[in-house]
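The residues making up each chain are set out below.
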Amino acid sequence: MAAASEPSALLVLFTALLLLRNSFVHSQGLQIGFYDSYCPDAEDIVRSTVEQYYDKDATIAPGLLRIHFHDCFVQGCDASILISGASSERSAPQNFGLRGFELIDDAKSQLEAVCPGVVSCADILALAARDAVDLRQKFADQGLSDHDLVTLVGAHTIGQTDCQFFSYRLYNFTATGNADPTISQAFLPQLRALCPPNGDPSRRVPLDAGSPDAFDVSFFKNVRDGSAVLESDQRLWSDAATQGAVQKYAGNVRGLFGLRFAYEFPKAMVRMSSVAVKTGRQGEIRRRCSRVN
């Protein structure tokens, strides 16, 4: 297994990448943009691949982060988790349910086509995980703020998801054998009852356990109290950039804060709906929405 492991020029920086995102960081001679001289498009290729998969399935973000954690916590950050085989690390019981391997393979194929033998799988995994947790940038790039992000995610107050998209949080989170520590101890048994280890992975679960059929602030109270179903939703509370907005909506005065969310959500929707709108002679008015004229 050790012979198949790969070196990484970026993994030492991974924690700093999460905390400092756009900062220029040095550590033991390593730096963001390490491949600029050897494969200039490397980071752009990985980022675009992550965005492509994310647009189809937003749950790929925590999936990539989980792969990276499992890789690093077993025998070091060497991409050995990516190797398939009956006796491989990837097939070990504690790694059951990991997802996102196809994204890494896709990015690797693209990189090999332009820079053969240059970018390691370990670095691709690190870059993909970095880009997955920096999805707030997608909102910023479109002129939307962190406050807009929190407000729009509030639509989860009437949403649902499948057990398969969050059950990894309930039993063996990041290969520890325990549940995600950000889940409330009071809420964890409820989720486990809905999604047992050998249960139906397609079972639908409300994203707002408090009032799944009402468009209200219950979702934000859940996030504040550690009762968010999705890991990405719960991160809104642990991230200092978004916690304030969550707290404002959650509040203690249900009527006041409920009205504020009901007032601000439509405004955020209008801002989002104004992103890159085609006007005048741009684009076309399609006769059928399912195909171009």
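Residues numbered from 1 in each chain as written. Predicted model: local features only at pLDDT ≥ 70, side-chain atom pairs only at ≥ 80, totals over all residues. Heavy atoms only, no water.

Under an unreviewed UniProt entry, the protein chain has the name Peroxidase and belongs to Dichanthelium oligosanthes. In the Subcellular location (unreviewed entry) part of its UniProt record, the protein chain is described as follows: "Secreted". According to the UniProt record, the Function (unreviewed entry) comment for the protein chain is "Removal of H(2)O(2), oxidation of toxic reductants, biosynthesis and degradation of lignin, suberization, auxin catabolism, response to environmental stresses such as wounding, pathogen attack and oxidative stress." (UniProt positions renumbered as here; feature names shortened; annotations may be inferred.)

**Concerning the overall build of the protein chain**
Within the protein chain one finds 13 helices and 4 strands. Per-residue burial over the protein chain gives 44% buried out of 293 residues. Partitioning the contacts of the protein chain with sequence separation of at least 6, the portion at a separation of at least 24 is 67%. Accessible area of the protein chain: about 15,200 Å², with a carbon and sulfur share of 54%. (Helix = DSSP H or I, 4+ residues; strand = E, 2+ residues; numbered from the N terminus. Buried < 20%, exposed > 50% of the residue type's maximum accessible area, 1.4 Å probe, protein only. Contact = heavy atoms within 4.5 Å. Areas by Shrake-Rupley, 256 points an atom, 1.4 Å probe, with all protein chains shown as cover.)

**So, the packing of aromatic side chains**
Any pair of aromatic rings gets described here by the distance separating the centres and the angle formed by the planes. Applying the stated criterion to the full structure yields 8 aromatic pairs. Ring centres of phenylalanine 215 and phenylalanine 265 lie 5.0 Å apart, and the angle between their planes is 70°; this geometry places the pair in the edge-to-face category. With phenylalanine 215 in the loop between strand E4 (204-206) and helix H10 (218-224) and phenylalanine 265 in helix H13 (residues 254-273), this residue pair connects regions lying 50 residues apart in the sequence. By relative accessible area, which is 38% here, phenylalanine 215 ends up partly exposed. Counting every residue linked through ring pairs, the aromatic cluster contains Phe215, Phe219, Phe220, Tyr249, Phe261 and Phe265. For arginine 90, the ring lying beneath its charged end belongs to phenylalanine 101, and the centroid distance is 3.7 Å. (Phe/Tyr/Trp six-rings, centres within 6.5 Å; stacked < 30°, edge-to-face > 60°. Lys NZ or Arg CZ within 6 Å of the ring centre and 35° of its normal.)

**Quick notes on the environment of arginine 192**
Among the secondary structure elements, arginine 192 is positioned in helix H9 (residues 188-194). Classification of arginine 192 by relative accessible area gives partly exposed; the value is 32%. For the pair formed by arginine 192 and serine 167, sequence separation is 25 residues and the distance between their alpha carbons is 8.1 Å. With near-sequence residues (within four places) excluded, arginine 192 lies in contact with Leu170, Tyr171 and Ala179.

**A few points about the side chain of arginine 169**
Structurally, the position occupied by arginine 169 is in helix H8 (residues 168-171). Residue arginine 169 is classed as buried on the basis of its relative accessible area, which comes to 0%. Among the polar contacts listed, one links the side chain of arginine 169 to the backbone oxygen of alanine 228, at a separation of 3.0 Å. Ignoring any residue separated from it by four or fewer positions in sequence, one finds arginine 169 in contact with Ala179, Asp180, Thr182, Ile183, Ala228, Val229, Leu230, Glu231 and Gln234. (Polar contact = N/O pair within 3.5 Å; in protein donor to acceptor, adjacent residues only side chain to side chain.)

**Remarks on the state of the cysteines**
If you walk through the whole model with that rule in mind, you get 2 disulfides. Here cysteine 39 pairs with cysteine 115 through a disulfide, and the sulfurs are 2.1 Å apart. What sets the handedness of the cysteine 39 and cysteine 115 disulfide is the S-S torsion sign, and at about 85° it is right-handed. Here cysteine 39, found in the loop between strand E2 (30-31) and helix H2 (42-56), pairs with cysteine 115, found in the loop between helix H4 (101-114) and helix H5 (121-133); they are 76 residues apart in sequence, far enough to count as distant. Of the two residues examined, cysteine 39 and cysteine 115, each falls in the buried class. The side chain of cysteine 163 participates in a disulfide bridge whose partner is cysteine 195; the two sulfur atoms lie 2.0 Å from each other. With the S-S bond torsion at -75°, the cross-link from cysteine 163 to cysteine 195 turns out left-handed. Placement of the pair is cysteine 163 in the loop between strand E3 (160-162) and H8 and cysteine 195 in the loop between H9 and E4, with a sequence separation of 32 residues. (Disulfide = S-S within 2.5 Å.)

**Description of the nonpolar core**
Nonpolar side chains in soluble globular proteins tend to be buried together. Judged by nonpolar contacts, the single largest core of 30 residues is most densely connected at Leu64, Leu82, Leu103, Ile104 and Leu111. Mapped by element, the contributors of at least two residues to this core are H2, helix H3 (60-75), H4 and H5. Element by element, the count of residues in this core is highest for H5, at 7 residues. If we ignore the near neighbours within four places in the chain, the residues touching leucine 64 are Val50, Arg99, Gly100, Leu103, Ile104, Leu125, Ala128, Ala129 and Ala132. Counting 17 residues, the second largest nonpolar core, distinct from the first, contains Val217, Phe220, Leu236 and Phe265. (Core = buried A, V, L, I, M, F, W, Y, C linked by side-chain atoms within 4.5 Å.)

**What about the packing of H2 against H4?**
It is at 10 Å that the axes of H2 and H4 come closest, and there the two elements cross at 145°. With respect to the hand of their crossing, H2 and H4 are arranged in right-handed fashion. Only Glu102, Leu103, Asp106, Ala107, Gln110, Leu111 and Val114 of H4 make contact with H2, whose side of the interface consists of Ala42, Ile45, Val46, Thr49, Val50 and Tyr53. For the contact of H2 with H4, the class distribution of residues is 9 nonpolar, 2 polar and 2 charged. (Axes fitted to C-alpha atoms, helices over the stretch in contact; angles between N-to-C directions. Left-handed = near helix turned anticlockwise from the far one by under 90°. Nonpolar A, V, L, I, M, F, W, Y, C, P; charged D, E, K, R; others polar.)

**Side note on the UniProt feature "binding site: Ca(2+) 2" (unreviewed entry) in the protein chain**
On the UniProt side, "binding site: Ca(2+) 2" (unreviewed entry) is annotated at positions that read Thr157, Asp208 and Asp216 here. A compact arrangement is adopted by the annotated residues: their sequence extent is 60 residues, whereas the largest C-alpha distance between any two is 9.7 Å. Turning to its location among the elements, threonine 157 is positioned in the loop between helix H7 (146-153) and E3. Those residues in contact with threonine 157 that sit more than four places away from it in its chain are Asp208, Ser211, Pro212, Ala214, Phe215, Asp216 and Phe219. Relative to the elements of secondary structure, aspartate 216 occurs in the loop between E4 and H10. Taking the relative accessible area as the measure of exposure, aspartate 216 reaches 13% and is therefore buried. A polar side-chain atom of aspartate 216 sits 2.7 Å from a polar atom in the side chain of serine 211.

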